[in-house]
Amino acid sequence: MAMKRSGGGRPVTRQAAKFLGVSVLSGVVLAGLALPGIGAFGLVAKGSMEGFDEIPADLKTPPLSQRTTILDAQGGEIAKVYSRDRTVVPLDQISPYMRKAIVAIEDSRYYEHGAIDPKGVLRAINRNAQSGGVSEGASTLTQQYVKNVFVEEAGDDPDKVAVATQQTIGRKIKELKYAVQVEKELGKDRILNNYLNITFFGQQAYGVEAASQRYFSKHAKDLDLGESALLAGLVQSPSRYNPVLAPKEATKRRNTVLQRMAELKDITPAQAAAEQAKPIHLTVSRPKSGCITAVDGAGFFCDYVRSVFLQDPVFGKTKEARAKRWNEGGMTIRTTLDPQTQKSVQKSITDHVYQTDPVATAVSIVQPGTGKVLGMGQSRPYGFGENQTQINFSADHAMGGSSYGFQTGSTFKPIVAAAALEQGISPYQTYPSPYRMAYPDSVEKCKGTWENSEGAMVSNENRSESGPYGMREATAKSVNTYFIQLIGDVGICPVTKMAAKMGVKPADGSKMEQVPSIALGTEGMSPLTMASAYATFANHGTYCSPVVIESATGPDGKALRVPKSQCSRAMSEQTADTVNSLLKGVVEDGTGKEAGLDGRDSAGKTGTTDERRAAWFVGYTPNMAGAVWVGGAGSKGVDMENITIGGVYHDKVYGADTPGPIWRDAMNGALDGRDAPAFAPSSADDSSTGTGTGTGTGDDRTGAGQGTHKPGTGKPGTKKPSGGSHKPGHNKPGSPKPDPLPGLSLPPAVTGGTGNEQQPGQPGQPGQQGQQQGQQQ
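Residues numbered from 1 in each chain as written. Predicted model: local features only at pLDDT ≥ 70, side-chain atom pairs only at ≥ 80, totals over all residues. Heavy atoms only, no water.

## Digging into the side chain of Asn392
Part 1 of the argument: Looking at the element boundaries, Asn392 is found in the loop between strand S7 (373–378) and strand S8 (406–407).
Part 2 of the argument: There is a polar contact of 3.4 Å between the side chain of Asn392 and the backbone oxygen of Phe300.
Part 3 of the argument: Excluding residues within four positions of it along the chain, Asn392 makes contact with Phe300, Tyr304, Met376, Gln378, Gly400, Gly401 and Ser402. (Helix = DSSP H or I, 4+ residues; strand = E, 2+ residues; numbered from the N terminus. Polar contact = N/O pair within 3.5 Å; in protein donor to acceptor, adjacent residues only side chain to side chain. Contact = heavy atoms within 4.5 Å.)

## Regarding the packing of helix H5 (residues 141–154) against helix H7 (residues 169–186)
Part 1 of the argument: With their axes 8 Å apart at the nearest point, H5 and H7 run at an angle of 110 degrees to one another. Relative to H7, the element H5 lies roughly perpendicular. Facing H5, whose interface residues are Thr142, Gln143, Tyr145, Val146, Lys147 and Phe150, H7 presents Arg171, Lys172, Glu175, Leu176, Tyr178, Ala179, Val182, Glu183 and Leu186.
Part 2 of the argument: In terms of residue class, the contact of H5 with H7 is built from eight nonpolar, two polar and five charged. (Axes fitted to C-alpha atoms, helices over the stretch in contact; angles between N-to-C directions. Parallel < 35°, antiparallel > 145°, perpendicular 65-115°, else oblique. Nonpolar A, V, L, I, M, F, W, Y, C, P; charged D, E, K, R; others polar.)

## Here's the deal with the environment of Thr256
Part 1 of the argument: Considering the arrangement of structural elements, one finds Thr256 in helix H11 (residues 247–263).
Part 2 of the argument: In the structure, Thr256 is positioned 16 residues away from Ala272 in sequence and 9.7 Å away in space, judged by C-alpha atoms.

## Section: the sheet that holds strand S17 (residues 549–553)
Part 1 of the argument: Taking strand neighbours across the sheet as the criterion, the four strands line up as S4-S3-S5-S17 in an open arrangement whose pairing is mixed. Looking at strand neighbours, the two that pair on one side only are strand S4 (77–81) and S17, the edges of this open sheet. Each strand axis lies, on average, 15 degrees off the axis of its neighbour in the sheet, ignoring direction.
Part 2 of the argument: In the sheet, strand S3 (residues 68–71) pairs with strand S5 (residues 332–335) via three bridges, with the strands oriented parallel. By the bridge assignment for S5, Leu71 is matched with Arg334. (Pairing = 2+ DSSP bridges.)

## Observations regarding the packing of aromatic side chains
Part 1 of the argument: Taken as a whole and judged by the stated rule, the model has 17 aromatic pairs.
Part 2 of the argument: For the ring pair Phe617 and Trp663, a centre distance of 5.0 Å and an interplane angle of 55 degrees mean the geometry is tilted. One end of the pair, Phe617, is in strand S20 (residues 614–621); the other, Trp663, is in helix H22 (residues 659–671), with 46 residues separating them in the sequence. No difference in accessibility class separates Phe617 from Trp663, as the two residues are buried.
Part 3 of the argument: Taken together through their ring pairs, the aromatic side chains of Tyr534, Phe537, Tyr620 and Phe679 make up a single cluster.
Part 4 of the argument: Seen from the ring of Tyr110, Lys188 lies directly overhead, with NZ or CZ sitting 4.3 Å from the centre.
Part 5 of the argument: Directly above the aromatic system of Tyr654 lies the positively charged group of Arg612, at a separation of 4.5 Å from the ring centroid. (Phe/Tyr/Trp six-rings, centres within 6.5 Å; stacked < 30°, edge-to-face > 60°. Buried < 20%, exposed > 50% of the residue type's maximum accessible area, 1.4 Å probe, protein only. Lys NZ or Arg CZ within 6 Å of the ring centre and 35° of its normal.)

## As for the state of the cysteines
Part 1 of the argument: Going through the model one piece at a time under the given rule, you end up with three disulfides.
Part 2 of the argument: Paired through a disulfide, Cys544 and Cys567 show a sulfur-sulfur distance of 2.1 Å. Here the disulfide of Cys544 and Cys567 is right-handed, its torsion about the S-S bond being about 115 degrees. Of this pair, Cys544 sits in strand S16 (residues 542–544) while Cys567 is found in strand S18 (residues 567–569), placing the two residues 23 residues apart along the sequence.
Part 3 of the argument: In the protein chain, the cysteines engaged in disulfides, taken in order along the sequence, are linked 1-2, 3-4, 5-6. (Disulfide = S-S within 2.5 Å.)

## Observations concerning the nonpolar core
Part 1 of the argument: Membership of the largest hydrophobic core comes to 101 residues, with the highest contact counts inside it found for Leu486 and Tyr620.
Part 2 of the argument: Counting 52 residues, the second largest nonpolar core, distinct from the first, contains Ile102, Leu223, Val235 and Ala262. (Core = buried A, V, L, I, M, F, W, Y, C linked by side-chain atoms within 4.5 Å.)

## With respect to the pairing of strand S23 (residues 648–652)
Part 1 of the argument: Where strand S22 (residues 641–645) meets S23, four bridges bridge the pair, whose relative direction is antiparallel. By the bridge assignment for S23, Glu641 is matched with Lys652.

## Digging into helix H16 (residues 413–422)
Part 1 of the argument: Burial runs high along H16: nine of the ten residues are buried.
Part 2 of the argument: Looking at H16, one finds that the buried residues are Lys413, Pro414, Ile415, Val416, Ala417, Ala418, Ala419, Ala420 and Leu421.
Part 3 of the argument: Check the buried side of H16 and you find it contacts helix H17 (471–477), helix H18 (480–490), helix H19 (492–501), helix H20 (527–538), helix H21 (573–589) and strand S19 (603–608).
Part 4 of the argument: Phi for Gly424, located one or two positions after H16, is positive at around 95 degrees.

## Some remarks on the pairing of S3
Part 1 of the argument: Because side chains alternate across S3, one face comprises the buried residues Thr68 and Ile70, and the other comprises Thr69 and Leu71, equally buried.
Part 2 of the argument: With four bridges connecting them, S3 and S4 associate as antiparallel partners. Residue pairing across strands places Ile70 opposite Ala79, the latter belonging to S4.
Part 3 of the argument: In this structure, the hairpin formed by S3 and S4 is closed by a connection of five residues, where Gly75 is found at a positive phi of approximately 90 degrees.

## Re the environment of Gln342
Part 1 of the argument: With respect to the helices and strands, Gln342 occurs in helix H15 (residues 339–352).
Part 2 of the argument: Since its relative accessible area comes to 1%, Gln342 is described here as buried.
Part 3 of the argument: For the pair Gln342 and Ser364, spaced 22 residues apart in sequence, the C-alpha to C-alpha distance is 9.3 Å.
Part 4 of the argument: If sequence neighbours within four positions are ignored, Gln342 has contacts with Asp296, Gly297, Ala298, Leu337, Leu374, Gly375 and Met376.
Part 5 of the argument: One polar contact links the side chain of Gln342 to the main-chain carbonyl oxygen of Asp296, over a distance of 2.9 Å.

## Here we look at the pattern of salt bridges
Pairing between side chains of opposite charge can happen when their charged atoms approach one another.
Part 1 of the argument: Tallied over the entire structure, the rule returns 27 salt bridges.
Part 2 of the argument: Residue Asp396 is joined to Lys505 by a salt bridge in which the shortest nitrogen-to-oxygen separation is 3.2 Å. Of this pair, Asp396 sits in the loop between S7 and S8 while Lys505 sits in the loop between H19 and strand S15 (524–525), and the two are 109 residues apart along the sequence.
Part 3 of the argument: Classification of Lys505 by relative accessible area gives partly exposed; the value is 43%. (Salt bridge = Lys/Arg side-chain N within 4 Å of Asp/Glu carboxyl O.)

## Topic: unusual backbone geometry
Part 1 of the argument: Cis geometry is adopted by the peptide bond preceding Pro468, which originates at Gly467 and carries an omega value of 15 degrees.
Part 2 of the argument: Of note in this structure, Asp296 is not a glycine but carries a positive phi near 55 degrees.
Part 3 of the argument: Here Asp296 is to be found in the loop between helix H12 (269–276) and helix H13 (299–311).
Part 4 of the argument: Residues other than glycine seldom take positive phi values, yet Arg612 does so here, at roughly 55 degrees.

## Regarding H20
Since the α-helix advances by 3.6 residues per turn, residues separated by three or four positions end up pointing in the same direction.
Part 1 of the argument: Over its twelve residues, H20 extends 17 Å from the first C-alpha to the last, a length consistent with the 16 Å expected when each residue adds 1.5 Å.
Part 2 of the argument: Among the twelve residues in H20, twelve count as buried, and that is most of the element.
Part 3 of the argument: Taken together, the buried positions of H20 are occupied by Pro527, Leu528, Thr529, Met530, Ala531, Ser532, Ala533, Tyr534, Ala535, Thr536, Phe537 and Ala538. (Expected span 1.5 Å × (residues − 1).)

## A look at the confidence of the model for the protein chain
Reading fine detail from the predicted coordinates is not recommended where pLDDT is low.
Part 1 of the argument: Overall, the predicted model of the protein chain reaches an average pLDDT of 81, with 77% of residues at or above 70.
Part 2 of the argument: Here residues 1–55 is modelled with pLDDT under 50, and outside its nearest four sequence neighbours on either side it reaches 61 contacts, counting other chains as well.
Part 3 of the argument: pLDDT under 50 marks residues 687–777. Its contacts with residues more than four places away, or in other chains, come to 253 contacts. (pLDDT = per-residue confidence, 0-100.)

## Re the sheet that holds S7
Part 1 of the argument: Spatial ordering of the open sheet is given by S7-S6-S21-S20-S19, a layout of five strands whose pairing is antiparallel. Only two strands of the sheet have a single neighbouring strand rather than two, namely S7 and S19. Sheet twist, expressed as the mean angle between neighbouring strand axes with direction ignored, is 5 degrees.
Part 2 of the argument: Packing against the sheet, H15 makes contact with strand S6 (359–366), S7 and strand S21 (624–632), and its axis sits at approximately 25 degrees to S7.

## Comments concerning the packing of H13 against helix H14 (residues 319–328)
When two helices pack together, their arrangement is given by the angle between their axes and by how far apart the axes lie.
Part 1 of the argument: Two elements in contact, H13 and H14, have axes whose closest approach is 7 Å; the angle formed by their N-to-C orientations is 135 degrees. Taken as axis vectors, H13 and H14 run oblique relative to one another. Residues Arg306, Phe309, Leu310 and Gln311 of H13 pack against Arg322, Ala323, Arg325 and Trp326 of H14.
Part 2 of the argument: Of the residues contributing to the contact of H13 with H14, the split by class is four nonpolar, one polar and three charged.

## Notes on the environment of Ile349
Part 1 of the argument: Checked against the element boundaries, Ile349 lands in helix H15.
Part 2 of the argument: Of the residues examined, Ile349 reaches a relative accessible area of 0% and is grouped as buried.
Part 3 of the argument: Ile349 sits 28 residues away from Gly377 along the chain, and the two C-alpha atoms are 7.8 Å apart.
Part 4 of the argument: Beyond its immediate stretch of four places on either side in the chain, Ile349 contacts Thr361, Val363, Gly377, Gln378 and Ser379.

Shown next as structure tokens:
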């Protein structure tokens, strides 16, 4: 145990160390940071040795984090987001009172000394030695600025922040050396300007402009004397002197600043007295940033933009680089969000599904031919309160969505039809399609054969649905047994390959199961995935991956590279036109009649899953494609029977009676005043051939086939590899160039031939969001 002096003195070893530290610090300062012996002697800081001469002379100042503004396609503001709320302003845009106040209270001799104030250092050494602690600091504004640079560079990493603020002699010496360099390179006024822009003023406000807006709802150039004194006083301890939470302490501190300004003759004693007599008057503006503030329900679209930025390599080679760039902010990001479409989406949602309902809905609308996401919304608002969520029901899990997505039901059947048509099966193919039947004994997979070893059965929604049926009528009525017979002939592999070419993949990022029941929509998908897939039909068989960012500029105003949609041929034009014809029948006189649009061509498909835990409508016109999901938003799911949704009672929910009208109203508003092109004719339009079109008697449910998993259980089914993909047909897609909004006319037909293939952009690399891991939302 160390010896202690009588009278309760400090340990001899501690006193010696303190003396050494004071001597070193004083010697360095008074020798102008050039004392020869310092480098050889070294400085001890928490057991590490860092020679003074080895400290680099260049202070690499990180860019100051600022707000990023996210705009819609027409330049309207969606939201401002930031890691740190800061708006950098030049010195001439800061009140002269503010400049004088901060100098008076933090470094009154600022314009008289160099980077270090020897008088201040010696005074602090003396007083601290007398007190046995640290009762007074000696940092100049320049040194404080250097320290803030280190803190800014540390970002939100607690370990790095701790290193940047540790109270050691080694860190202090490093700070002093950098301060000398900064004084030489920048000069007093630029350092003061930088200091006022980097400093934290509490209440999430970094820099004087953000602080002025936060506490007084005005620009920094308009601050008066009392307001300037209050903000200057905050710097020493933003929490202790917080005028919102501790007005008495803040008033005392403000008055101290005013007194100091009078002593330095920055103001008269009369001015100081007059301001000291006034109570603090705040006009607080709460932080208005983040996707939670997005207009027209675009909070989830805003968050999707953030997810794209953090995951796409175009914004940085590593996850860390992208996160750093996002946190630095100062960008302006123009997105694909169409304000007319978004308003229509949100209005339709609020008209049909209430925030407090036991189920939720999500809607996504995309533009065929470009992949642009035009609208995205849901009934549970973006937030943290009751009946709010941060889970984006429209997106895959890696992009902030639910854990496993939502079973799609019969909205998957058109993908089976497309695969069959590509394999040469006629659109007039007829099957017996009884009400109930066994799955085929065996079905070819990409590798091997699926065997119906357990005698699995499949049935239609109603007993009256008994064939024979052709493809048109089976699609209109959504006949389960027809599509199980169809996939039995086609094989599973062509279907999963077609799905992949249309961008269809399970929301959890896994591969599709190699089981015939996928024809009935047993896999969990996201609405954005389904909307983009159906846009392939509208775009003459060419799939375009969804994109949400049109352009972006950095803090310097220079353009940044942004992700581009990747467009590729998924099926022939003839196949796409045939599917369009089949799905027109669904909305004209099939299960989707309630979703039909007046005065324009439209096509789509309903879907309802087992136990009615999810209901869908996915549809499109030649110039817009949209998907609507309705279902339980919790981990247990909701059986949608005897349920009230949006004030309307349902004994049973179908894809036609709730998602269908939501889609119809959202699309009607989005397309209002815009072009109404027609689908290309198809040989399948001739209804005189085959079995004709019947009247839909209701929607369908998924069969119970092998390899399925039920929604809401939180556990996916057993996944098996889907095998490799085969190349699409020899015809290469052209370069679809649809007219820009607001006309939103039909993209030109994609024609075959070489030399016109649209070049893909950089693919995004999904990553784990870490949100609601293990929960089906």
